[in-house]
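In case you want the letters, here they are:
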Amino acid sequence: MTIHSNFSLKKYNTFGIEAKARQFVAAHSVDELKTILHENKTETKFILGGGSNMLLTKNIDALVIHIDLKGKKIIKEDDDFVWVKSMAGENWHEFVLWTIDQNLGGLENMSLIPGNVGTTPVQNIGAYGTEIKDTFVSCEAMTIATQEMKTFSKEDCHFGYRESVFKHEAKNQFIITSVVFKLTKRNHKINISYGDITKELEKQNVITPTLKDVSNAVIAIRQSKLPDPKELGNSGSFFKNPIISKVAFEKIHALHPEMPHYVISETEVKVPAGWLIEKAGFKGKRFGDAGIHKNQALVLVNYGKATGQEILNVSKDIQATILKEFGIAIEAEVNVI
Ligand code: EPU
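Values in this document were obtained by computation on a predicted structure and should not be read as measured data.

This part is about the overall build of the protein chain. Helix and strand content of the protein chain: eight helices and 20 strands. Rg of the C-alpha trace for the protein chain: 20 Å, near the compact-globule value of 20 Å for 337 residues, within the 12% margin. Taken along the three principal axes of its C-alpha coordinates, the protein chain extends 60 × 50 × 35 Å. Counting every position in the protein chain, which comprises 337 residues, the buried fraction comes to 50%. The long-range fraction of contacts in the protein chain, counting pairs at least 24 apart against all pairs at least 6 apart in sequence, stands at 61%.

Quick look at the site of the ligand now. Within the structure, the ligand sits among 24 residues, and Tyr-128, Tyr-161, Tyr-194, Glu-278 and Ala-297 are positioned closest to it. Between the ligand and Ser-237, the relevant distance is 2.8 Å, taken from an oxygen atom to a main-chain nitrogen or oxygen of the residue. For the ligand, an oxygen atom lies 3.2 Å from a polar atom in the side chain of Lys-283. When the ligand sits alone it has 810 Å² of accessible area, and the protein chains cover 83% of it. Counting residues per element, the ones that place at least two in the shell around the ligand are α5 (211–225), β13 (233–237) and α7 (273–279). Considering every element that reaches the shell around the ligand, the biggest residue donor is α7, with three residues. Grouping the constituent residues of the shell around the ligand by class yields 12 nonpolar, five polar and seven charged.

Bringing a positive patch on the surface into the picture now. Among the surface-exposed residues, Lys-76, Lys-154, Lys-182 and Lys-189 lie close enough to one another that they form a single positively charged patch. Looking at the element boundaries, Lys-76 is found in strand β6 (residues 72–77).

This paragraph deals with α5. The periodicity of an α-helix, 3.6 residues per turn, causes residues three or four places apart in sequence to face the same way. For α5, with 15 residues, the first-to-last C-alpha span of 21 Å sits near the 21 Å given by 1.5 Å per residue. Residues of α5 that are buried include every one of Leu-211, Asp-213, Val-214, Ser-215, Ala-217, Val-218, Ile-219, Ile-221 and Arg-222, and no others. Next to the buried residues of α5 lie α2 (92–101), β8 (126–127) and α4 (195–203).

Partitioning the protein chain into domains gives domain 1 (4–67), domain 2 (72–225) and domain 3 (233–336). A C-alpha centroid distance of 24 Å is found between domain 1 and domain 2. Contacts between the two partners involve 13 residues from domain 1, matched on the other side by 17 residues from domain 2. Overall, the association of domain 1 and domain 2 removes approximately 1,100 Å² of surface from exposure, summing both partners, and the carbon and sulfur fraction of that is 73%. Of all residues in domain 1, the largest losses of buried area upon contact with domain 2 belong to Val-30, Leu-37 and Ile-67, amounting jointly to 35% of the total for that side. Across the contact surface, domain 1 and domain 2 share zero salt bridges. In this assembly, domain 1 and domain 2 are joined by three residue pairs in polar contact (both at pLDDT 80 or more). Put simply, the parts of the chain that give the side of domain 1 that touches domain 2 at least two residues each are α1 (30–39) and β3 (45–48).

Conventions adopted
Numbering of residues starts from 1 in every chain and runs along the sequence as written. It should be noted that, the model being predicted, local features are given only for residues of pLDDT at least 70 and side-chain atom pairs only at 80 or more, the latter also being counted only at that level, while totals for whole chains, interfaces and linings use all residues. Values shown for side chains rest on all heavy atoms present in the structure; no hydrogens or waters enter the calculation. We count a stretch as a helix when DSSP gives it H or I for four or more residues in a row; a strand needs E for two or more, and each element gets its number in order from the N terminus. The size measure is the radius of gyration over C-alpha atoms, and the globule rule it meets is 2.2 Å times the number of residues to the 0.38 power. Under the scheme applied here, a residue whose accessible area is under 20% of the maximum for its type counts as buried, over 50% as exposed, and between as partly exposed, the area being computed with a 1.4 Å probe on protein chains only. Between two residues, a contact is recorded if the distance between any of their heavy atoms is within 4.5 Å. By convention in this text, a residue qualifies as near a molecule or strand provided that one of its non-hydrogen atoms is within 4 Å of it. Distance and chemistry together define a polar contact, namely a pair of N or O atoms within 3.5 Å, with one atom able to donate a hydrogen and the other to accept it when in protein, and with adjacent residues in sequence counting only for side-chain atoms on both sides. The method behind every accessible area is Shrake-Rupley, applied with a 1.4 Å probe, and residues are considered shielded solely by the protein chains displayed. Throughout, the ten residues Ala, Val, Leu, Ile, Met, Phe, Trp, Tyr, Cys and Pro are labelled nonpolar, Asp, Glu, Lys and Arg are labelled charged, and all others, Gly among them, are labelled polar. Grouping into patches uses exposed residues only, defined as over 30% relative accessible area, and leaves out salt-bridged ones; the cut-off is 9 Å for like charges and 5 Å for nonpolar side chains (Val, Leu, Ile, Met, Phe, Trp, Tyr). Basic side-chain nitrogens of Lys or Arg form a salt bridge, by our definition, when they fall within 4 Å of a carboxyl oxygen of Asp or Glu. Neither His nor the chain termini are counted; the positive set is Lys and Arg, and the negative set is Asp and Glu. Where a charge sits is defined by one atom per residue type, namely NZ (Lys), CZ (Arg), CG (Asp) or CD (Glu). The span you would expect from a helix comes to 1.5 Å times its residue count less one. Each domain span listed reflects an automatic or database assignment of domains. Buried area is a sum: the accessible area each of two parts loses on coming together, probed at 1.4 Å, counted once for each and added.

Here's what the structure looks like:
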């Protein structure tokens with residue numbers, strides 16, 4: 001294991017931002033991770049997974065530890081279910097495809113989400129009507145201070161919409177090393193209720209969709225709306241969809257009856273930030289090398305040489321405009337460093 005100094009993180013963040021780590025090391029095994037943490041007890045540390053949900057606005061004055069733990073296997077099965085364990089450094093999409101190839105159901109709606117398996121519980125990733133919490137069983141994590149291993153059950157994780165204990169009480173204290181999912185072997189619960197999937201399957205003339213069909217439909221939809229980070233730097237949805245009071249919603253709805261919305265409870269309504277941003281005129285706009293994606297206003301993009309600060313400024317401009325025009329405060333989903 002080599003510790004690099006003044007190391008470029010451009011290839012390690014999907015926004016493709018040029019920022020430097022004072023020191024950088026990759027951990028390829030749990031033992032290696034333990035040694036790194038033990039030998040660098042007093043050092044400031046920064047844990048880096050797939051780099052798909054962060055905006056680097058400055059150099060990182062710390063030892064950056066890249067979690068590169070690989071491996072995936074079936075650990076248990078019964079007549080109906082399979083328990084699959086994946087190490088944290090596995091690429092999420094490749095892991096999803098591996099489960100689908102074995103006809104294991106539960107992750108297909110989350111095909112093509114960028115990032116690594118280990119960071120999926122942190123923000124309870126989700127797409128097209130499914131969230132990680134629906135199949136999550138547990139995860140193992142190393143305590144940064146003591147290197148002790150701890151298992152988090154689903155209850156321990158306190159999952160919410162793009163939320164978990166790892167963003168709150170457990171923040172900066174643990175490194176997730178592996179995750180276990182419980183997937184179906186048969187009687188798959190195919191979930192195509194999310195409008196776009198049904199439309200896409202109809203387009204492909206699929207009547208009784210398999211897991212692979214659903215995955216392919218999701219891939220097609222995502223590819224049509226969301227930029228590929230390899231071609232255009234981005235971090236998926238930059239903002240969360242805001243949840244507002246029914247009273248506030250009714251005022252806006254009276255002015256914009258076409259606004260899409262999802263009723264959350266008797267008192268709360270979720271509205272799509274992408275719609276608000278488009279309505280405010282930002283969709284497809286470019287400010288230098290920072291911009292708002294032309295097909296999905298929720299996604300901010302780096303056309304090449306944007307700095308993290310430039311992208312952050314665009315995001316602040318959007319937030320201020322949405323607050324002024326709609327009275328809604330939209331919150332970043334990505335971690336701004
Ligand atoms: N919309 C617009 N203009 C836009 C974007 C969206 O009017 O530029 C409208 C759409 O027409 C639709 C509604 O907003 O009526 C919702 O749009 P969409 O279905 O594309 O989903 P989203 O709310 O924009 C969320 C997730 C995505 C996930 C999709 C599909 C969040 C923050 N984002 O986006 O997750 O892929 O649903 O389930 O919840 C991610 O987190 O990185 C991500 C891509």
